[in-house]
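Examining the three-dimensional arrangement
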Amino acid sequence: MSDLGGYDARLDALASTEKVHNLSFTGKLWSWRYIVLRRFTQLGILLLFYGTAHWAWQWPEKTPLLSGNLSASEFIGLIPLADPLAALQIFLAGHVLRQETLIGVAIVFGFYLLVSGRTFCAWMCPVNMVTDLAGWLRGKLDIRALFHVHRNVRYFILAATLILSALTGVAAFEWVSPVGMMHREIIFGIGFGFLALLAIFLFDLLILKNGWCGHLCPLGAFWSLVGKAGLVRVRFDKTSCTHCGECAKVCPEPQVLNLKKLEERGLVFSGECSNCGRCTALCPEGSLAFDLRPLIRQHNARAAGSTGH
Amino acid sequence: MAEHDVARRDFLVKAAQGTAMAATGGLLWVYLLKQEARAHPFALRPPGALAEKDFNAACIKCGQCVVGCPYHTLKLSGSGSDLPIGMPFFEPREIPCYLCPDIPCMKACPTGALSPELKNINDSRMGLAVIDLENCLSWKGLRCEICHRECPLKGKAITLETHPRGISKHAMFYPIVNSEYCTGCGICEKACPTTEAAIRILPHKLVQGKIGDHYRLGWTFDTEITQDFKPSDVIGPGEGKTLAPGKAPGQDYLNSGDL
Ligand code: SF4
Ligand code: SF4
Ligand code: SF4
Ligand code: SF4
Ligand code: SF4
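Numbers given for residues are sequential positions, taken from 1 along each chain in its written order. The lettering of chains begins at A and the numbering of ligands begins at 1, in the order of writing. With pLDDT at 70 or above as the cut-off, local features in this predicted model cover only qualifying residues; side-chain atom pairs require 80 or more to be listed or tallied, and sums for whole chains, interfaces and linings still use all residues. With hydrogens and water excluded, all non-hydrogen atoms of the structure serve as input to the side-chain values.

What follows is about the overall build of chain A. Helix and strand definitions here come from DSSP, where helices need a minimum of 4 consecutive H or I residues and strands a minimum of 2 consecutive E residues; each element is numbered from the N-terminal end. Of the regular secondary structure elements, chain A holds 16 helices and five strands. In this treatment the radius of gyration is a C-alpha quantity, and the globule benchmark scales as 2.2 Å times the residue count to the 0.38 power. In summary, chain A has a C-alpha radius of gyration of 21 Å against a globular reference of 19 Å for 309 residues, a match within 12%. Projected onto its principal axes, the C-alpha coordinates of chain A cover approximately 65 × 40 × 40 Å. Think of it in three bands: residues with accessible area under 20% of the maximum for their type are buried, residues over 50% are exposed, and the middle band is partly exposed, with areas taken using a 1.4 Å probe on protein chains only. Across the 309 residues in chain A, those meeting the buried criterion constitute 48%. It only takes one pair of heavy atoms within 4.5 Å for two residues to be counted as in contact. In chain A, the share of contacts with a sequence separation of at least 24, taken over all contacts with a separation of at least 6, comes to 73%. Accessible surface for chain A amounts to roughly 15300 Å². Of this, 69% is attributable to carbon and sulfur atoms. When charges are tallied, Lys and Arg are placed among the positive residues and Asp and Glu among the negative ones, while His and the ends of the chain are skipped. Where a charge sits is defined by one atom per residue type, namely NZ (Lys), CZ (Arg), CG (Asp) or CD (Glu). Side chains of chain A carry 28 positive and 21 negative charges; the gap between the two charge centres is 2 Å. Every accessible area reported is derived by Shrake-Rupley at a probe size of 1.4 Å, with residue values counting cover from the shown protein chains alone.

Below you can see the structure in the form of structure tokens.
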């Protein structure tokens, strides 16, 4: 498909778009597989925390199953887990971290280093459910942009988080984080955190598309930086792609689906991709699919070989 | 204007706008944090909690202490409440701290915000019990003393003083809290039978005074005698002369028998 502007190519692309919009019922259901799975992990983890806090879920006996929340927790009384960004803020605020926290950080950090940082966003973060809903509704209502904000603002907010933690002596983001608020208040009782979530919902719905997660959230920014070299990536197969551009329309971070870059790299390279699976489930040509990074090169080499490119 | 001047101006304006945005946002953020961190003076923290400022820095707001407490004593403050967001506290009139000897709340804390230095739960100082003398039944003259009986450190944290009462042959039994031993567990506050508790736990800094180092409580010293009125040592009229008894300054007229 090298003649990008050619008539045939445009026909192919149109055909692809057609396929996207004329899915059979089962095809449609199948295209929801990742969103169902993601809700399953997001709500499942919440349920484990909730059950441990409220119904005293235990395993093994007399040991809380999963105690705490996303900021820090302990699994089956054995495995500590801790949010690396929260721990970093606490450290900068002037508190010496204990070994238990450090082990927890190492486990979580290591995990997302491997699977790609922002996998946290699409598969774990509770706020993602709110912003996904806002994004979906915004699409349905066809609401136009009010203004433009650069997506790199989040990295400045991340830097400010660290600087302000050191200056004020408290973990600057943790004290205002809607992510922490939402999880904490679902698990440990109601405050006014839902107002913050409502604000995010309205902001995303009416003001800025993917406003919070795609432009502002410093935790998302942090994981973007961490997971750049993660193993689980969306592979791109340039031989089958018709350049219909439907993937970038559903992607909450469309800049990562720049077709030119995809062709160069053969995969979604940017750490800003959250492995949400929207594009892979949607692509009518099967050009986008989850794969492990080391296998992607082989796959692409094979694909290129078989079509003689 | 030359073209690159325009570009230059645009750039400078953009930079100024960016800086202004960042500064405004940053100031707002700092203001929010300061508001939040200005700990509500009435917050009672779990056993072993670090001093307020360190506690604010250290607590990761995970709630593992809450899950660890077998009595459901601890809660995390919600956002929008008047306590700093997301941190553990308790309200003794609802559920006090029962002073678990193995301190599970502290053991559950991953950050050390509840300090592992606390080895004996009786050394915890969550607050200090304060008695409202006007509404305490015992201080009114009734036989209550429930707080004393319920206190896990009774006889130390709360002691009873007996006082004769006017013409009645019954004595008054006054409960007195001793800050040296009171843990601030709040079991007394929970137990107090008055409509509003007449004994309450408050953070030390709200109720505890400090006398200052310059006061000397002379009667507490056994040996240190600071004044000596031995008559022979005072400045007398001449070397080697002893004053007659009763002639020392300040004693002369008192002892002269003239009064
Ligand atoms: S960007 Fe932030 S709020 Fe959005 S999903 Fe990621 S961590 Fe959650
Ligand atoms: S590239 Fe695909 S998987 Fe990544 S964020 Fe976009 S839609 Fe989701
Ligand atoms: S000492 Fe026991 S009762 Fe008191 S707060 Fe800790 S776990 Fe709860
Ligand atoms: S366990 Fe420690 S860090 Fe977690 S909420 Fe309690 S005091 Fe804070
Ligand atoms: S708070 Fe009350 S019950 Fe607890 S140690 Fe102090 S006086 Fe005793």
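In this section: the site of ligand 2. One heavy atom within 4 Å of a molecule or strand makes the whole residue count as near it. Within the structure, ligand 2 sits among Val234, Cys251, Val256, Leu257, Cys273, Ser274, Asn275, Cys276, Gly277, Arg278 and Cys279 of chain A. As a working rule, the residues Ala, Val, Leu, Ile, Met, Phe, Trp, Tyr, Cys and Pro are called nonpolar, Asp, Glu, Lys and Arg charged, and the rest polar, with Gly in that last group. Classifying every residue of the shell around ligand 2 gives seven nonpolar, three polar and one charged.

Residue and element names in this part refer to chain A. According to the domain assignment, chain A contains domain 1 (25-230) and domain 2 (232-309). Using C-alpha coordinates to define each centre, domain 1 is positioned 26 Å away from domain 2. Listed by partner, the interface residues are 25 residues for domain 1 and 20 residues for domain 2. Summed over both partners, the accessible area lost on bringing two parts together, with a 1.4 Å probe, is the buried area. Summed over both partners, the interface of domain 1 with domain 2 comes to about 1600 Å²; 39% of that surface belongs to carbon and sulfur atoms. We call two N or O atoms a polar contact when they sit within 3.5 Å, provided that within protein one can donate a hydrogen and the other can accept it, with sequence-adjacent residues counted only if both atoms are side-chain atoms. Along the contact surface separating domain 1 from domain 2 lie 17 residue pairs in polar contact (both at pLDDT 80 or more). When residues of the side of domain 1 that touches domain 2 are traced back to their parent elements, those giving at least two are α3 (33-54), α5 (99-115), α6 (119-123), α8 (153-168) and α11 (211-216). Broken down by element, the side of domain 1 that touches domain 2 gets its largest block of residues, four residues, from α6. Across the side of domain 1 that touches domain 2, the residue classes break down as nine nonpolar, eight polar and eight charged. Delimitation of the domains relies on an automatic or database domain assignment.

Contacts to ligand 4 come from 13 residues, most closely from Cys59, Cys62, Gly63, Cys65 and Cys109 of chain B. A class-by-class count of the residues in the shell around ligand 4 yields nine nonpolar, three polar and one charged.

Moving on: a nonpolar patch on the surface. Where nonpolar side chains cluster on the molecular surface, the patch consists of Ile190, Phe192, Phe194, Leu195, Leu198, Leu202 and Leu206 of chain A and spans about 710 Å² of accessible area. Along the chain, the position of Phe194 of chain A falls in helix α10 (residues 193-207). Nonpolar side chains (Val, Leu, Ile, Met, Phe, Trp, Tyr) are joined into patches within 5 Å and like charges within 9 Å, using only residues with over 30% relative accessible area and no salt bridge. Whenever a carboxyl oxygen of Asp or Glu lies within 4 Å of a side-chain nitrogen of Lys or Arg, that contact is scored as a salt bridge.

Looking now at helix α12 (residues 218-226) of chain A. Residue and element names in this part refer to chain A. Burial analysis of α12 places eight of its nine residues in the buried class, the great majority of the element. Turning to α12, its buried residues are Pro218, Leu219, Gly220, Ala221, Phe222, Trp223, Ser224 and Val226. On the buried face of α12, the contacting elements are α4 (84-92), α5, α6, α8, α9 (178-188) and α11.

Our next topic: the interface of chain B and chain A. Between chain B and chain A, the contact holds 33 residues from the first and 37 residues from the second. For the pair chain B and chain A, the two sides together bury roughly 2800 Å², of which 68% comes from carbon and sulfur. On the chain B side of the interface with chain A, the three residues burying the most area are Trp29, Leu33 and Ile60 of chain B, jointly 23% of the side's total. One can count zero salt bridges joining chain B with chain A. Residue assignment for the side of chain B that touches chain A shows that the elements contributing at least two residues are α1 (3-37), α2 (52-58) and α3 (64-68) of chain B. Here the side of chain B that touches chain A takes eight residues from α1 of chain B, the largest share from any one element.

Compared with the 22 Å implied by 1.5 Å per residue over 16 residues, the 22 Å span of α8 of chain A between its first and last C-alpha is a close match. Within α8 of chain A the residues assigned to the buried category are Arg154, Leu158, Thr161, Leu164, Ser165 and Thr168 of chain A. Along the axis of α8 of chain A, the buried residues cluster in a sector spanning 135°; they form a single face. Those residues of α8 of chain A that are exposed and aimed more than 90 degrees away from the buried face are Phe156, Ile163 and Leu167 of chain A. Next to the buried residues of α8 of chain A lie α4, α11 and α12 of chain A together with α1 of chain B. The first or second residue beyond α8 of chain A is Gly169 of chain A, which carries a positive phi of 80°. Here the expected length of a helix is defined as 1.5 Å per residue gap, with one fewer gap than residues. As used here, the arc is the angular range of directions from the helix axis to the C-beta atoms.

Here we take up the side chain of Asp132 of chain A. Residues and elements named next belong to chain A. With respect to the secondary-structure elements, Asp132 resides in helix α7 (residues 127-141). When its relative accessible area of 11% is taken as the criterion, Asp132 is described as buried. Within the structure, Asp132 has its side chain in polar contact with the side chain of Arg39 (distance 2.8 Å).

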